[in-house]
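As a plain string of letters, each chain reads:
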Amino acid sequence: MITAGAAVQGTAHLAGGQGCQDAFKAVGLGGTAVLAVADGAGSRERSALGSHIAVDTACRVLAEGIPRAEDAPQVWTGWIAAAGARVVEDHLRTVEGVLSAVPAPGGPVRADALACTLAAAVLRPPWVAFLSVGDCFGTVLTRGPAGAVGAGAGVRERCHLVLPPPVPGAAETVFLSSPGAALRLRSFVLWEPMLSGVVLATDGCASLTLDHPSVRELPPETGPLPSERFFCGLAATLRANGGDAEPLRALLSGPGAARTGDDLTVVCALTDGR
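Scoring rules and cut-offs
Residues numbered from 1 in each chain as written. Predicted model: local features only at pLDDT ≥ 70, side-chain atom pairs only at ≥ 80, totals over all residues. Heavy atoms only, no water. Helix = DSSP H or I, 4+ residues; strand = E, 2+ residues; numbered from the N terminus. Buried < 20%, exposed > 50% of the residue type's maximum accessible area, 1.4 Å probe, protein only. Contact = heavy atoms within 4.5 Å. Areas by Shrake-Rupley, 256 points an atom, 1.4 Å probe, with all protein chains shown as cover. Salt bridge = Lys/Arg side-chain N within 4 Å of Asp/Glu carboxyl O. Pairing = 2+ DSSP bridges. Axes fitted to C-alpha atoms, helices over the stretch in contact; angles between N-to-C directions. Parallel < 35°, antiparallel > 145°, perpendicular 65-115°, else oblique. Nonpolar A, V, L, I, M, F, W, Y, C, P; charged D, E, K, R; others polar. Core = buried A, V, L, I, M, F, W, Y, C linked by side-chain atoms within 4.5 Å.

### Brief notes about the overall build of the protein chain
So, step 1. What the protein chain contains, in helices and strands, is six helices and twelve strands.
So, step 2. When the 274 residues of the protein chain are sorted by exposure, 47% land in the buried category.
So, step 3. When contacts within the protein chain are restricted to residue pairs at least 6 apart in sequence, those whose partners lie at least 24 apart make up 72%.
So, step 4. Summed over all atoms, the accessible surface of the protein chain reaches about 12400 Å², with 57% contributed by carbon and sulfur.

This is the structure:
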């Protein structure tokens, strides 16, 4: 299993002297990987700390009691739902503990000062389990025959947006520290025998990694589509270099990334492709 990630400070954050408020983490467990990405709220002064607490909490909780590959769907769905609720609970407990241990000069600081969104995933082929709170998004990769069986046959990797970001302006962003966050938690599992990877990203990456449906001559109601150039190209590069994240960092820092002023963070886990 190959894991890699990178976080790049957004151009607007850089111009305003604001540090990167995103965080990511990936844990390899042999043939299984646990990964998480968090996006700190730009308007909250300690959201970067909240993001780091979120990814640490998610990876710790999700690394425990992972179902077996041969377990039934209801085992996986029950496990990720329970784990998601625990992530929200443990995150808030940790945030409150940090705030109580380090009193602020101006008086008590509320938990929403560390507000952040979160997406996390567990990859244990042929299963991948997701949970999210807020506007981060997730894509899975699959590998299958590129053409007819024969001398020219090969294997093609495809990308699928399975955890889309919310429609802009559709609703107020929900953070891990928001009241009722556990009730707004999204959790689900996918069983895919051709599964080859999973990629999580913060919403600042949308313009770089997602295509408007018109690019493929589809109607607007189709919604955003994952860019094969980005996701499949990234997977091929990481497999070729053994997981060196520098090309990913270069992608997030390149000209295409300048279209957004937000921080850009991506973390992924890939099978070895054999």
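After that view of the structure, there is still more to cover.
### Details of the pattern of salt bridges
So, step 1. Under the criterion given, the structure shown has twelve salt bridges.
So, step 2. Its salt-bridge partner being Lys25, residue Asp56 comes within 3.2 Å of it at the nearest N-O pair. Within this pair, whereas Asp56 is found in helix 2 (residues 47-62), its partner Lys25 is found in strand 2 (residues 22-29), the two being separated by 31 residues in sequence.
So, step 3. On the basis of relative accessible area, Asp56 is assigned to the partly exposed category, the value being 39%.
So, step 4. For Lys25, a relative accessible area of 32% gives the class partly exposed.
So, step 5. Of the charged contacts in the structure, one is a salt bridge between Asp211 and Arg216, with a shortest N-O distance of 3.9 Å.

### Overview of the sheet that holds strand 5 (residues 127-133)
So, step 1. Spatial ordering of the open sheet is given by 2-3-4-5-8, a layout of five strands whose pairing is antiparallel. Both edges of this open sheet fall to strand 2 and strand 8 (186-191), since each of them pairs with a single strand only. In this sheet, adjacent strand axes meet at a mean angle of 10° when their direction is disregarded.
So, step 2. Strand direction decides the pairing type here: strand 5 and strand 8, joined by six bridges, are antiparallel. From the neighbouring strand, Phe130 faces strand 8, where its bridge partner is Phe188.

### Section: the packing of helix 5 (residues 228-241) against helix 6 (residues 246-253)
So, step 1. Contact geometry of helix 5 with helix 6 gives a least axis separation of 9 Å together with a crossing angle of 150°. When the interaxial angle is binned, helix 5 and helix 6 end up roughly antiparallel. Where helix 5 abuts helix 6, its residues Phe230, Leu234, Thr237 and Asn241 lie against Pro247, Leu248 and Leu251.
So, step 2. Considering only residue class, the contact of helix 5 with helix 6 consists of five nonpolar, two polar and no charged.

### Notes on the nonpolar core
So, step 1. Leu62, Trp79, Leu118 and Leu131 are the most contacted members of the largest nonpolar core, which totals 30 residues.
So, step 2. When residues of this core are traced back to their parent elements, those giving at least two are strand 3 (32-40), helix 2, helix 3 (73-101), strand 4 (116-124) and strand 5.
So, step 3. Sequence-distant contacts of Trp79, defined by excluding residues within four places in its chain, comprise Leu62, Glu64, Gly65, Ile66, Pro67, Val122 and Ala129.
So, step 4. Ranked by size, the runner-up nonpolar core spans 25 residues in total, among them Phe137, Leu210, Ala235 and Val266.

### What to know about the pairing of strand 9 (residues 195-201)
So, step 1. The buried fraction of strand 9 amounts to seven of the seven residues, a majority that puts the element mostly inside the structure.
So, step 2. By the bridge criterion, six bridges tie strand 6 (residues 137-145) to strand 9 in an arrangement that is antiparallel. Residue pairing across strands places Leu141 opposite Gly197, the latter belonging to strand 9.
So, step 3. Relative to strand 12 (residues 264-270), strand 9 runs antiparallel, the two sharing five bridges. Paired with Leu200 across the two strands is Val267, which belongs to strand 12.

### Details of unusual backbone geometry
So, step 1. Going from Pro125 to Pro126, the amide bond is cis rather than trans, its omega being 10°.
So, step 2. At Glu217, a residue that is not glycine, the phi angle is positive and equals roughly 60°.
So, step 3. Among the structural elements, Glu217 can be located in the loop between strand 10 (210-211) and strand 11 (225-226).

### Looking at the sheet that holds strand 7 (residues 155-163)
Backbone hydrogen bonds are what pair the strands of a sheet, in a parallel or an antiparallel way.
So, step 1. Spatial ordering of the open sheet is given by 1-12-9-6-7, a layout of five strands whose pairing is antiparallel. At either end of the open sheet lies a strand with only one pairing partner, and these are strand 1 (2-8) and strand 7. Neighbouring strand axes in the sheet, compared pairwise and without regard to direction, differ in orientation by 15° on average.
So, step 2. Sheet contacts for helix 6: strand 1 and strand 12; angle to strand 1, the most-contacted strand, approximately 30°.

Honestly, it's all geometry; don't read function into it.
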